[in-house]
Amino acid sequence: MQSPLVITGMGMISPLGCGVKAGWERLLAGRSGLSAITRFDSGELPVKVAGSVPGIGDDPEAGLDPDRVLDAKERRKLELFSLYAMAAAEEALTQANWFPESDEQRLATATIVGSGIGGFPTITQAQNTLSTRGHRRLSPFTVPAFLANLAAGNVSIRYGLRGPIGCPVTACAAGVQAIGDGMRMIRSGEADIALVGGAEACIDPLSLASFHAMKALSTEQDAPAKASRPFDQGRNGFVMGEGAGLLVIETLAHAEARGATPLAILSGYGTSADAHHITAGPEDGSGAAAAIRAALLMAGMTPTDIDHINAHATSTPVGDRAEIAALRNAFGDALAGIPISATKSSTGHLLGAAGGVESIFSVLSAMHDRLPPTLNLENRDEDLHDLDIISGEARQHATKHVLCNGFGFGGVNAALIVSKI
C-alpha cells in the first residue's frame with residue numbers, strides 16, 4: 001500500500017498580508033485585501049482597484065519587507081513574482097524544516113512553481129525603454145526576469161534544489177496543476193519531496209488594460225473592498241491580485257522518517273480540458289466536472305465525502321455560472337449540502353498563484369474546522385438559492401475533506417482534494 005502524500009510546509013504572500021498566519025486570520029475576520037491602485041498612475045484606465053501585496057510601510061504587522069527576502073542589488077535582476085515566490089518558499093521550507101545539504105537530498109527535491117503570465121511588467125517596461133531610449137539601455141536581466149519559469153528557477157538556485165524543476169503556464173489553473181505535477185513526480189519516484197504552488201505579479205497598466213478590453217475586470221472605483229463579488233448579481237468583473245502560495249509535499253513515510261510534522265493529506269487530484277472555447281467553458285460544466293470526478297476517483301471518494309468547497313469563483317458572471325454548472329454536474333443533489341466559500345472576494349484573483357494560495361486556505365479549513373466567508377454576497381444569483389454559500393461570517397464546521405478548484409483560459413481545469421490528518 002502506498003504511503004499517503006502529505007503537506008509539511010506552507011508559505012504565502014497575498015493581498016491579505018505576508019505569512020500564512022496573518023493571511024488566514026484576516027480571511028476569517030472578513031477583511032479585504034483590495035485597495036485603490038497606487039503602484040502607478042492609472043490615468044484614464046477605468047480599472048482603479050487591485051489586490052496588491054502590502055509593503056511593510058503600509059502594513060507593519062504583515063507587510064512585505066523586500067530587504068528581508070533579497071538585497072537591493074539582487075532584486076534588480078528579477079521580477080516581483082519571483083520575489084514573492086522566494087518569500088513564500090522561505091516560509092514553507094522553514095515550516096517543513098527542509099534545507100537539503102547532501103547531493104542525494106538535493107537531487108530528490110523537485111521545484112514546481114506555476115505562473116499564468118510570469119514577468120509581464122518587465123516586458124512592457126522593456127518595450128517602453130526600447131521605444132524611448134534605444135536598445136543599448138535594455139537590461140541584460142530583461143529576459144531572465146520575465147521568463148515564467150524563473151520563479152521556480154530562482155527558488156531552486158537559492159536553496160540548491162537540484163531535482164525536477166517545472167512551471168505550468170496554464171493561466172488560472174497553474175497553481176493547482178503545479179501541485180498535481182509534484183504529486184505525480186513523487187508517485188513516479190522522480191522526487192522524494194517537492195516545493196509546489198504558484199506565483200504571480202501582473203498589476204501593470206498593459207495587463208489591466210488588456211483584461212479590461214475583454215470586459216473581464218471590475219470597474220469599481222469608490223469602494224475597493226466591494227469590488228470582488230463572486231456569485232452576487234452586482235458583480236462586474238474580477239479584481240487583479242498578486243502573490244504566491246507554496247507547499248512542501250512528500251509521502252507520510254518520508255515525513256516521518258525525517259521527523260517532520262504532517263499538516264494535511266493530499267487525497268486526490270484531477271485535471272482536464274474543455275476543448276470548447278478559449279475563454280469560456282461549456283454551459284453544462286462537463287469539462288471542469290471531469291477534473292473534479294478525477295480528483296474524487298484518485299481519493300477513492302464520493303461527492304458526499306466532501307465537507308467544503310473552496311470555489312474558483314472569480315467574480316465574473318460567465319466564470320461563476322460555469323463553475324456552478326460543473327459542481328452541479330459532478331455532485332448532483334449532494335451539492336446542496338456542502339458549504340461553499342469564494343475567497344477571491346477577499347484577495348482578488350491571483351491568476352497563476354490563486355491555486356497555491358487557495359489550496360493553503362483549504363488545508364487550514366481542514367486543520368481548524370473553520371470555513372472562510374464570502375464577502376459582498378448581498379444579492380446572490382437567482383439559481384443559487386438552494387446552495388449553502390457561506391457569507392457574512394466565518395463558520396465553525398466539522399471538516400475532513402475539502403475540494404479546491406482552479407480553471408483557466410484555454411479550457412484548462414484542475415481540482416485538488418485535501419484532507420485532515
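Residues numbered from 1 in each chain as written. Predicted model: local features only at pLDDT ≥ 70, side-chain atom pairs only at ≥ 80, totals over all residues. Heavy atoms only, no water.

Draft legend 1. Main features of the overall build of the protein chain. Scanning the protein chain from N- to C-terminus turns up 15 helices and 15 strands. A globule of 421 residues ought to have a C-alpha radius of gyration of about 22 Å, and the protein chain, at 20 Å, matches this closely. Here the C-alpha coordinates of the protein chain stretch approximately 65 × 55 × 45 Å along the principal axes. Expressed as a percentage of its 421 residues, the buried residues of the protein chain come to 59%. Excluding contacts between residues fewer than 6 apart, the proportion of contacts in the protein chain whose partners are at least 24 apart in sequence is 79%. Accessible surface, the protein chain: about 16400 Å² in total, of which carbon and sulfur atoms supply 52%. Measuring between centres, the 32 positive side-chain charges of the protein chain sit 5 Å from its 44 negative side-chain charges. (Helix = DSSP H or I, 4+ residues; strand = E, 2+ residues; numbered from the N terminus. Rg over C-alpha atoms; globule rule 2.2 N^0.38 Å. Buried < 20%, exposed > 50% of the residue type's maximum accessible area, 1.4 Å probe, protein only. Contact = heavy atoms within 4.5 Å. Areas by Shrake-Rupley, 256 points an atom, 1.4 Å probe, with all protein chains shown as cover. Lys, Arg positive; Asp, Glu negative; His and termini not counted. Charge placed at Lys NZ, Arg CZ, Asp CG, Glu CD.)

Draft legend 2. The side chain of Thr109, seen in detail. Tracing the chain through its elements places Thr109 in strand S5 (residues 109-114). Each residue touching Thr109, except ones within four places of it in the same chain, is listed here: Trp98, Pro100, Leu161, Arg162, Gly163, Pro164 and Ile193.

Draft legend 3. Local environment of the pattern of salt bridges. Scanning the entire structure with this criterion turns up 19 salt bridges. The salt bridge partner of Arg229 is Asp232, with a shortest N-O separation of 3.3 Å. Across the pair, exposure class does not vary: Arg229 and Asp232 are buried alike. Ionic pairing is found between Asp369 and Lys420, a salt bridge with its closest N-O pair at 3.0 Å. Of this pair, Asp369 sits in the loop between helix H15 (354-368) and strand S12 (370-371) while Lys420 is found in the segment after strand S15 (412-419), placing the two residues 51 residues apart along the sequence. Residue Asp369 is classed as partly exposed on the basis of its relative accessible area, which comes to 22%. A single salt-bridge network, built from bridges that share partners, covers Lys226, Arg229, Asp232 and Glu378. (Salt bridge = Lys/Arg side-chain N within 4 Å of Asp/Glu carboxyl O.)

Draft legend 4. Geometry of the pairing of strand S1 (residues 5-14). Within S1, 10 of the 10 residues are buried, which leaves it mostly tucked inside the rest of the structure. In this sheet, strand S9 (residues 264-273) lies alongside S1 in antiparallel orientation, the contact comprising three bridges. The residue bridging Leu5 from the neighbouring strand is Leu266, located in S9. Sheet analysis places S1 next to strand S8 (residues 243-251), joined by eight bridges and oriented antiparallel. From the neighbouring strand, Gly9 faces S8, where its bridge partner is Val248. Alignment of S1 against strand S2 (residues 17-18), held across two bridges, turns out to be antiparallel. Across the sheet, Ser14 pairs through a bridge with Gly17, a residue of S2. (Pairing = 2+ DSSP bridges.)

Draft legend 5. Region of the structure containing the UniProt feature "domain: Ketosynthase family 3 (KS3)" (unreviewed entry) in the protein chain. Per the UniProt entry, the sites bearing "domain: Ketosynthase family 3 (KS3)" (unreviewed entry) are residues 2-420 in this numbering. The distance separating the terminal C-alpha atoms of residues 2-420 is 18 Å; by composition the span is 35% helix and 18% strand. (UniProt positions renumbered as here; feature names shortened; annotations may be inferred.)

Draft legend 6. Focus on the nonpolar core. Ile7, Met10, Met183, Leu247, Ile249, Leu266 and Leu416 are the most contacted members of the largest nonpolar core, which totals 42 residues. Discounting chain neighbours no more than four positions away, the residues touching Ile7 are Leu247, Val248, Ile249, Thr261, Pro262, Leu263, Ala264, Leu266, Val363 and Val418. Core analysis: the next-biggest nonpolar cluster, separate from the first, contains 32 residues, Cys18, Ala88, Ala89 and Ile193 among them. (Core = buried A, V, L, I, M, F, W, Y, C linked by side-chain atoms within 4.5 Å.)

Draft legend 7. Broad picture of the side chain of Ser156. Of note, Ser156 is situated in helix H8 (residues 150-159). Ser156 has contacts with Thr111, Leu161 and Ile165, leaving out every residue within four places of it along the chain.

Draft legend 8. Seen up close, the pairing of S8. Summarising burial for S8: nine of the nine residues are buried, a large majority. Of the two faces of S8, the one lined by Gly243, Gly245, Leu247, Ile249 and Thr251 and the one lined by Ala244, Leu246, Val248 and Glu250 are each fully buried.

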